[in-house]
Protein chains: 2
Amino acid sequence: MIWYKEQNDNDIIVSTRVRLARNLDKYPFPNRLSEEGCQKVLDEVKNAVLNSGSTLANSFTFKAMKELTPDEKQALSEKHLISIEMAKGDRGGALISEDENMSIMMLEEDHLRLQIILGGFRLKEAWELADKVDNVIEESVNYAFSEEFGYLTACPTNTGTGMRASVMMHLPALTMTNNMNKIISSASTLGLTVRGLYGEGSKAYGNLYQVSNQVTLGISEEEIIESLENIVGQIEKHEKDAREKLKENEEFADKLWRAYGTLKFARIVSSSEAKALISQVILGKNMGIIDIEEKLPLISLMVETEPATLMNGEKLTPTERDKKRGELLRENV
Amino acid sequence: MIWYKEQNDNDIIVSTRVRLARNLDKYPFPNRLSEEGCQKVLDEVKNAVLNSGSTLANSFTFKAMKELTPDEKQALSEKHLISIEMAKGDRGGALISEDENMSIMMLEEDHLRLQIILGGFRLKEAWELADKVDNVIEESVNYAFSEEFGYLTACPTNTGTGMRASVMMHLPALTMTNNMNKIISSASTLGLTVRGLYGEGSKAYGNLYQVSNQVTLGISEEEIIESLENIVGQIEKHEKDAREKLKENEEFADKLWRAYGTLKFARIVSSSEAKALISQVILGKNMGIIDIEEKLPLISLMVETEPATLMNGEKLTPTERDKKRGELLRENV
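Please read these numbers as outputs of a predicted model, since none were measured by experiment.

Rules used throughout
- Residues numbered from 1 in each chain as written.
- Chains lettered and ligands numbered in written order.
- Predicted model: local features only at pLDDT ≥ 70, side-chain atom pairs only at ≥ 80, totals over all residues.
- Heavy atoms only, no water.
- Pairing = 2+ DSSP bridges.
- Helix = DSSP H or I, 4+ residues; strand = E, 2+ residues; numbered from the N terminus.
- Axes fitted to C-alpha atoms, helices over the stretch in contact; angles between N-to-C directions.
- Contact = heavy atoms within 4.5 Å.
- Least-squares fit on C-alpha atoms with pLDDT ≥ 70 in both.
- Parallel < 35°, antiparallel > 145°, perpendicular 65-115°, else oblique.
- Left-handed = near helix turned anticlockwise from the far one by under 90°.
- Nonpolar A, V, L, I, M, F, W, Y, C, P; charged D, E, K, R; others polar.
- Buried < 20%, exposed > 50% of the residue type's maximum accessible area, 1.4 Å probe, protein only.

Residues and elements named next belong to chain B. One open sheet holds the eight strands; their spatial order is β2-β3-β4-β5-β1-β8-β10-β9, and the pairing between them is antiparallel. The open sheet has two edge strands with one neighbour each: β2 (60-64) and β9 (192-196). Taking the axes of each pair of neighbouring strands and ignoring which way they run, one obtains an average angle of 20° across the sheet. The pairing of β9 with strand β10 (residues 208-213) spans five bridges and is antiparallel. Paired with Arg195 across the strands is Gln210, a residue of β10. Contacts from helix α5 (residues 123-138) reach β1 (13-22), β4 (102-106), β5 (112-119) and β8 (163-170) within the one sheet, and its direction differs from that of β5 by about 150°. Strands in contact with helix α8 (residues 221-246) are β1, β8, β9 and β10; relative to β8, the strand with the most contacts, it is inclined by about 10°.

Printed below as a string of structure tokens:
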């Protein structure tokens, strides 16, 4: 099941993602690849997956970027199935598994980037699944690999394991108490990056952060996962402590209840306001301050109210979207 | 019944007040009166009312300012039964009728000021009632009266009829569309004043305004009432027109719904925020935008959430009051 709909008992860790960057040894990297070369890479990877006969690969469907509307591409990126950069262009395509927890982007920055996203804190499981899909593909293609450096990638920062493991955390209490800068800089000294919801350079809308490894060279996949697990556990503890301190703060409870009132009755709600309000209501529910039975998992409302996911094929103006978003929130909160 | 609890089908006109300023001919005005003189005035007026034998006067109870706590005095002024100035001091007293629609302040600016407050738009009824009470008092005392000027008062602006007739109007649409300054200045050219909730110099909390006559000299009581009725009717029409124009405005509806959400769920609410939110919810309900069944008349919540009325004898800190106010609003909206 797609990450945001999965049952998840962890209040703070929303999802886990493992991404492997791979390139075929026969072709130049995508930025230097001819159109013909692109088609060949696409075909080789597609066939490697779809014709593998593996049950794992059975559920994949291919989507060519040039055949999708801008809204359809944006909806895929809102669900984190393709990158924002890929959604902006017409190049390449993606293989996406039926339950939307596996996707393989082709001809983004690298020939292929395969990723597994699971709900909750499941780094090892995601890595094992990524490794299996990687093995299926490698049965049919030769990866660009150096004994000295490991997997070769278009950008040297990914060379080595080619792996980026990341964990999406909901950190409203650390954010509200202005502790995120401290967290971000201490994670950085440990070789990890803490970024906003949509990765590099994006804002932490809805107080959602991605914690991921910076280093991929001279370190094994297991070491990356271990160090990430360790730091994520520490950040989780800090968030819990921050929540504990806010527990008796009545002005804070008032703020959360007001967010709930707005979410429940507002008629026109922007995407960023929706995320900010949902974040506060999730926090209130997690802390036992707001006692409600919502119809949809609140975290999934953050994705369902994203512009393209919300439109779901309809063509709406921004104002019409803000109204539809308000409606969806009122019906489900 | 006290004005704000009365059944009132007028969406815009909240209450009607007629006040008569009177002085006894035997004594100097209060600002020049000895303590002994004050006691005599108090006794004469009190006896004139309480010993009159009139059924109208039967229901009055006397409250000496010096025997009331500051909170008790403030609560009376929040209900408009005594003036804010009187509530601040220890001088004089007030006769208040059981159903709290009649009150007689003694030794405020004048020897006595008798007022009638009724819910809704009932100027003539209020004036007739005021006239009756005035006659009852005049059976036992001699008023300071000049054939040339009429009733003599401490401040010359009240000399003549000694009457101030005022109508409290709820004008949120004119306020939100920034039309109140125009209304205030055109009322002024017609000899009328438009002021905030608590009269002279006060802000229009909750978008409540008092429209009253400025002139009391050279004009009869009937003429004052007629001209006030006329202007109030015009302002009412302007408010209706402003509401009509806002009817299809979705951002405006959104604003009202958000106010409702906050009122329904906030935990800590100040007195001025409460009035602003209640005003918006009343407007939403009047305009058929917000469809709710509240437990108490919303306008009465404006008074019930005033600091002293809210405390109702309890001693609370401002924060405790803000919490109690939130509770009261949540329970009744």
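What follows continues from the structure just given.
All right, on to the relation of the copies chain A and chain B then. Between chain A and chain B, which share one sequence, the superposing operator has a rotation angle of 180° and an axial displacement of 0.1 Å; the RMSD is 0.0 Å. Here the two chains are linked by the operation of a two-fold rotation axis. Looking at the rotation axis and the C-alpha trace of chain A, the residue lying nearest is Gly261(A), at 2.0 Å. Of all interface residues in chain A, 100% are interface residues in chain B too; the two copies therefore contact each other through one and the same surface.

With that settled, consider the packing of helix α9 (residues 250-265) of chain A against helix α10 (residues 271-286) of chain A. Residue and element names in this part refer to chain A. Running from N to C, α9 and α10 point in directions that differ by 125°, and their axes come no closer than 8 Å. Taken together, the axis directions place α9 and α10 in an arrangement best described as oblique. For the element pair α9 and α10, the recorded crossing hand is left-handed. Contact with α9, carried on its side by Phe252, Lys255, Leu256, Ala259, Tyr260, Thr262 and Leu263, involves Glu273, Leu277, Ile278, Gln280, Val281, Leu283 and Gly284 of α10 and no other residues of that element. Residues belonging to the contact of α9 with α10 are distributed by class as follows: nine nonpolar, three polar and two charged.

In this section: the sheet that holds strand β4 (residues 102-106) of chain A. Residue and element names in this part refer to chain A. Taken in spatial order, the eight strands line up as β2-β3-β4-β5-β1-β8-β10-β9 in an open sheet, and their pairing is antiparallel. Edge positions in the open sheet fall to β2 (60-64) and β9 (192-195), since each of these has one partner strand only. Sheet twist, expressed as the average angle between the axes of neighbouring strands with direction ignored, equals 20°. The pairing of β9 with strand β10 (residues 208-213) spans four bridges and is antiparallel. Those strands touched by helix α8 (residues 221-246) are β1 (13-22), β8 (163-170), β9 and β10, and its axis lies near 10° from that of β8.

The next thing to look at is the pairing of strand β3 (residues 93-97) of chain B. All names here are of chain B. Burial analysis of β3 places five of its five residues in the buried class, which makes it a mostly covered element. Side chains Gly93, Leu95 and Ser97 project from β3 onto one buried face, and the interleaved Ala94 and Ile96 project onto a second face that is buried too. Taken together, the five bridges between β2 and β3 define a ladder with antiparallel strand orientation. Across the sheet, residue Phe62 finds its bridge partner in β3, namely Leu95. Relative to β4, β3 is paired through four bridges, and the arrangement is antiparallel. When the bridges of β4 are listed, Leu95 appears paired with Ile104. Counted along the chain from β3 to the antiparallel partner β4, the turn is four residues long, and its residue Glu100 has a positive phi close to 55°.

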